[in-house]
Amino acid sequence: MNLKIALFGIAKEIVGQPVLEVTTPADQPVQALLEQLRTQYPGLRGLSSLAVAVNNEYAEDTQLLHERDEIALIPPVAGG
Amino acid sequence: MLFTYVPPESIALITIDLTDQPINVAATLDLVQSDGAGAVNTFIGTVRNKSTGRPVVRLEYEAYDSMALHQLRKVADQAKEQWPMLERVAVVHRKGTLQIGDVAVVVAVSTPHRAESFAACQYIIDTLKQVVTIWKKEFYEDGDVWVAAHP
């Protein structure tokens, strides 16, 4: 399946673009997507944390992703 | 919408906003006025001129808007669950480029008595910093850094 991933902050800088399209096996869990992205963009490994958001909620590592999901990569937040 | 006058009886219990315009602190405080409240507590986060001893010249906040608004709403809802006596809550966060002294965030709450107003206000700003999808880049004379990005 094809996933469209929104990128923000330092993750956007490391990848070099605001949206990333990746092809993964169907029913890919969050953890596998993170591994795929860390392999492709080793700079992501240096971050203090890296979460995946699905439809505006933080996703668990085991959550399965679907093509229609709104997916985003969430580097360490620093609001306030 | 946020800064136009609204009669008190029609003011929402919880107001959440993300803006690229300067935050109107007085208007945000008006949002939590309530006849049942004997306390209004406000946290105002401003841009400091140094970070770990290094002079800061400006900041940039980037937001994942839809998620930031959704998570802010959840934080406010959690505060209301924890302190059911909360009368009103308003949280406004700035995004874009900010200069030294600019207001980055305002959290305002109203409660019948003061103790809960301090607790709820602190809970909201502390939790906001942990979960809300906003990123801060500090600019120095000789470079820039995404805050908290690296260990």
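Above: the structure in question.
We now turn to the structure provided with this report. Not measured: the values here are computed from a predicted model. (Residues numbered from 1 in each chain as written. Chains lettered and ligands numbered in written order. Predicted model: local features only at pLDDT ≥ 70, side-chain atom pairs only at ≥ 80, totals over all residues. Heavy atoms only, no water.)

1. Some details on the packing of aromatic side chains
Okay, so step 1: The final tally for this structure, using the stated rule, is three aromatic pairs over all chains.
Okay, so step 2: Ring centres of A:F8 and B:Y64 lie 4.6 Å apart, and the angle between their planes is 20 degrees; this geometry places the pair in the stacked category. Here the residue A:F8 occupies a position in the loop between β1 (2-7) and α1 (9-15), and B:Y64 occupies one in the loop between β4 (54-63) and α2 (65-82), the pair thus bridging two chains. Comparing A:F8 with B:Y64, the two get one shared label, buried.
Okay, so step 3: Measuring from centroid to centroid gives 5.2 Å for A:F8 and B:W135, while their planes differ by 5 degrees, and the two rings are stacked. Taken together, the positions of A:F8 in the loop between β1 and α1 and B:W135 in strand β8 (residues 134-140) put the pair across two chains. For the pair A:F8 and B:W135, one class covers both residues: buried.
Okay, so step 4: The side chain of B:R54 reaches across the aromatic face of B:Y140, ending 3.9 Å from its centre.
Okay, so step 5: We note B:R58 situated over the ring of B:F139; from NZ or CZ to the ring centre the distance is 3.9 Å. (Phe/Tyr/Trp six-rings, centres within 6.5 Å; stacked < 30°, edge-to-face > 60°. Helix = DSSP H or I, 4+ residues; strand = E, 2+ residues; numbered from the N terminus. Buried < 20%, exposed > 50% of the residue type's maximum accessible area, 1.4 Å probe, protein only. Lys NZ or Arg CZ within 6 Å of the ring centre and 35° of its normal.)

2. A word on the interface of chain A and chain B
Okay, so step 1: Taken together, the contact pairs 22 residues of chain A with 28 residues of chain B.
Okay, so step 2: Taken together, the two surfaces of chain A and chain B that pack against each other cover about 2100 Å², and 54% of this comes from carbon and sulfur.
Okay, so step 3: Contact with chain B buries area across many residues of chain A, yet A:N56, A:V77 and A:G80 alone supply 27% of it, more than any other trio.
Okay, so step 4: Taken together, chain A and chain B are joined by three salt bridges.
Okay, so step 5: Notably, a salt bridge pairs A:E57 with B:K74, separated by 2.7 Å at the nearest N-O pair.
Okay, so step 6: Counting across the interface, chain A meets chain B through 20 residue pairs in polar contact (both at pLDDT 80 or more). (Contact = heavy atoms within 4.5 Å. Buried area = accessible area lost by both parts, 1.4 Å probe. Salt bridge = Lys/Arg side-chain N within 4 Å of Asp/Glu carboxyl O. Polar contact = N/O pair within 3.5 Å; in protein donor to acceptor, adjacent residues only side chain to side chain.)

3. A short note on empty space enclosed by the protein
Okay, so step 1: This model, assessed by the stated rule, comprises one cavity of 30 Å³ or more.
Okay, so step 2: In this structure, the largest cavity spans a volume of roughly 30 Å³.
Okay, so step 3: By residue class, the composition of the lining of the largest cavity is seven nonpolar, no polar and one charged. (1 Å grid on protein atoms, 1.4 Å probe; cavity = no way out; pocket = protein on both sides within 12 Å on 5 of 7 lines; lining within 4 Å. Points joined across faces, edges and corners; volume = space filled by probe spheres on them. Nonpolar A, V, L, I, M, F, W, Y, C, P; charged D, E, K, R; others polar.)

4. Focus: the packing of α2(B) against helix α3 (residues 114-131) of chain B
All names here are of chain B.
Okay, so step 1: α3 packs onto α2 with a crossing angle of 145 degrees between their chain directions and a minimal axis gap of 10 Å. Judged by the twist between their axes, the crossing of α2 over α3 is right-handed. In contact with Q71, L72, V75, Q78, A79 and Q82 of α2, α3 contributes Y123, I124, T127, L128 and V131.
Okay, so step 2: Partitioning the contact of α2 with α3 into residue classes produces seven nonpolar, four polar and no charged. (Axes fitted to C-alpha atoms, helices over the stretch in contact; angles between N-to-C directions. Left-handed = near helix turned anticlockwise from the far one by under 90°.)

5. As for the nonpolar core
Okay, so step 1: Residues A:I5, A:L20, A:L33, A:L37, A:L44, A:L73 and A:I74 are the most contacted members of the largest nonpolar core, which totals 32 residues.
Okay, so step 2: Elements with a minimum of two residues in this core: β1, α1, β2 (19-23), α2 (30-40), β3 (51-54) and β5 (71-74) of chain A.
Okay, so step 3: Ignoring any residue separated from it by four or fewer positions in sequence, one finds A:L33 in contact with A:L3, A:I5, A:V22, A:T24, A:Q28, A:L65 and A:I71.
Okay, so step 4: If you look at the next biggest cluster of nonpolar residues, it comprises 30 residues, including B:L18, B:V91, B:V107 and B:V109. (Core = buried A, V, L, I, M, F, W, Y, C linked by side-chain atoms within 4.5 Å.)

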